[in-house]
Amino acid sequence: MGRTVATMTQLVDQELAAFSRFRRALRREDQEVLDRLFSAARHHAAAGAYQSHASPFETILLAMLLEVAKAVVSHERRLADLAELLAAHDKEAEALRPPAGEQVALPIGADG
């Protein structure tokens, strides 16, 4: 007795094969992104199998969207961390700056 229902990984591979002409028409960098999207769908194969939706392509698209959303959240967190570091750097630079109107004495020979 063989398996009567295709696995989610098989369904993702079938969809990728169905889009092979589309993929071939894309630029190289776009092909790489498309491949990453289908890899993301394979990454969630267990959840997709559990869903067992009548239209597996919807599940595949949702898995792709999930990975894209995770990347966006990750980039947002990194951007917030970098903004905090930049704000701390600006505070340190402001603390080192002489008050307005005060002249800074340059060492002899430092002015050129």
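Notes on the structure in this doc start here. Given the structure is predicted, the values throughout are model-derived calculations rather than measurements.

Counted at 1.5 Å a residue, the expected span for helix 3 (residues 28-43) with its 16 residues is 22 Å, and the 22 Å between its end C-alpha atoms agrees. Every buried residue belonging to helix 3 is among Gln31, Leu34, Phe38, Ala40 and Ala41, and all of these are buried.

Attention now goes to the environment of Gly48. You can see Gly48 is positioned in helix 4 (residues 45-51). Look at Gly48 and you get buried, because its relative accessible area is 5%. Each C-alpha atom of the pair Gly48 and Val12 lies 9.9 Å from the other, and the pair is 36 residues apart in sequence. Those residues in contact with Gly48 that sit more than four places away from it in its chain are Met8 and Thr59.

What follows concerns the layout of surface pockets. Considering only enclosed or pocket space, the largest pocket measures out at about 170 Å³ in volume. Around the largest pocket, the lining residues are Val33, Arg36, Leu37, Ala40, Met64, Glu67, Val68 and Ala71. Elements with a contribution of two residues or more to the lining of the largest pocket: helix 3 and helix 5 (56-96). Class assignment for the residues of the lining of the largest pocket results in six nonpolar, no polar and two charged.

The next thing to look at is the pattern of salt bridges. The tally for this structure, following the rule as stated, stands at four salt bridges. With a shortest N-O distance of 2.6 Å, Asp35 and Arg23 are connected by a salt bridge. Of this pair, Asp35 sits in helix 3 while Arg23 sits in helix 2 (residues 20-25), and the two are twelve residues apart along the sequence. Residue classification places Asp35 among the partly exposed positions, given a relative accessible area of 25%. Among the salt bridges present, the one from Glu94 reaches Arg97, with a minimum N-O distance of 3.0 Å.

A contiguous nonpolar patch, built from Leu62, Leu65, Val68 and Val72 and spanning about 370 Å² of accessible area, is present on the exposed surface. Inspection of the secondary structure puts Leu65 in helix 5. With relative accessibility at 54%, the residue Leu65 sits in the exposed group.

The angle between the axes and the distance between the axes are what describe a pair of packed helices. Where helix 1 (residues 8-18) meets helix 5, the axes come as close as 10 Å, and the angle between the chain directions of the two elements is 90°. Considering their axes alone, helix 1 and helix 5 lie roughly perpendicular with respect to each other. Along its contact with helix 1, which presents Met8, Leu11, Val12 and Glu15, the element helix 5 presents Pro56, Phe57, Thr59 and Ile60. Classifying every residue of the contact of helix 1 with helix 5 gives six nonpolar, one polar and one charged.

Rules used throughout
Counting of residues starts from 1 at the beginning of each chain's written sequence and follows it residue by residue. Given that this is a predicted model, residues contribute local features only at a pLDDT of at least 70 and side-chain atom pairs are listed and counted only at 80 or more, while totals for whole chains, interfaces and linings are drawn from all residues. Water and hydrogen atoms were dropped before computing side-chain values, which therefore reflect all heavy atoms in the structure. Runs of H or I in DSSP of at least four residues are treated as helices and runs of E of at least two as strands, each being numbered from the N terminus. The length a helix should cover is 1.5 Å for every residue beyond the first. Exposure is judged per residue with a 1.4 Å probe applied to protein chains only, and the accessible area is read against the type maximum: over 50% gives exposed, under 20% gives buried, and values in between give partly exposed. Residues count as neighbours in contact if any of their non-hydrogen atoms are within 4.5 Å of one another. Lining residues are those with an atom within 4 Å of a point, where the points come from a 1 Å grid over the protein atoms alone and group into cavities, where a 1.4 Å probe fits but cannot get out, or pockets, open sets with protein on both sides within 12 Å along at least five of seven lines. Grid points are joined across faces, edges and corners, and a volume is the space filled by probe spheres set on the points. Basically, the charged four are Asp, Glu, Lys and Arg, the nonpolar ten are Ala, Val, Leu, Ile, Met, Phe, Trp, Tyr, Cys and Pro, and anything else, Gly included, counts as polar. One speaks of a salt bridge when a side-chain nitrogen belonging to Lys or Arg is within 4 Å of a carboxyl oxygen belonging to Asp or Glu. Excluding any residue in a salt bridge, patches collect residues exceeding 30% relative accessible area, merging like charges within 9 Å and nonpolar Val, Leu, Ile, Met, Phe, Trp and Tyr side chains within 5 Å. Under the convention used here, a 1.4 Å probe and the Shrake-Rupley method define accessible areas, while residue burial counts only the protein chains that appear. For helices, the fitted line uses only the C-alpha atoms of the stretch in contact; every axis is such a line through C-alpha atoms, and the angle between N-to-C directions lies from 0 to 180 degrees. In what follows, roughly perpendicular refers to angles from 65 to 115 degrees, roughly parallel to angles under 35, roughly antiparallel to angles over 145, and oblique to any angle outside these ranges.

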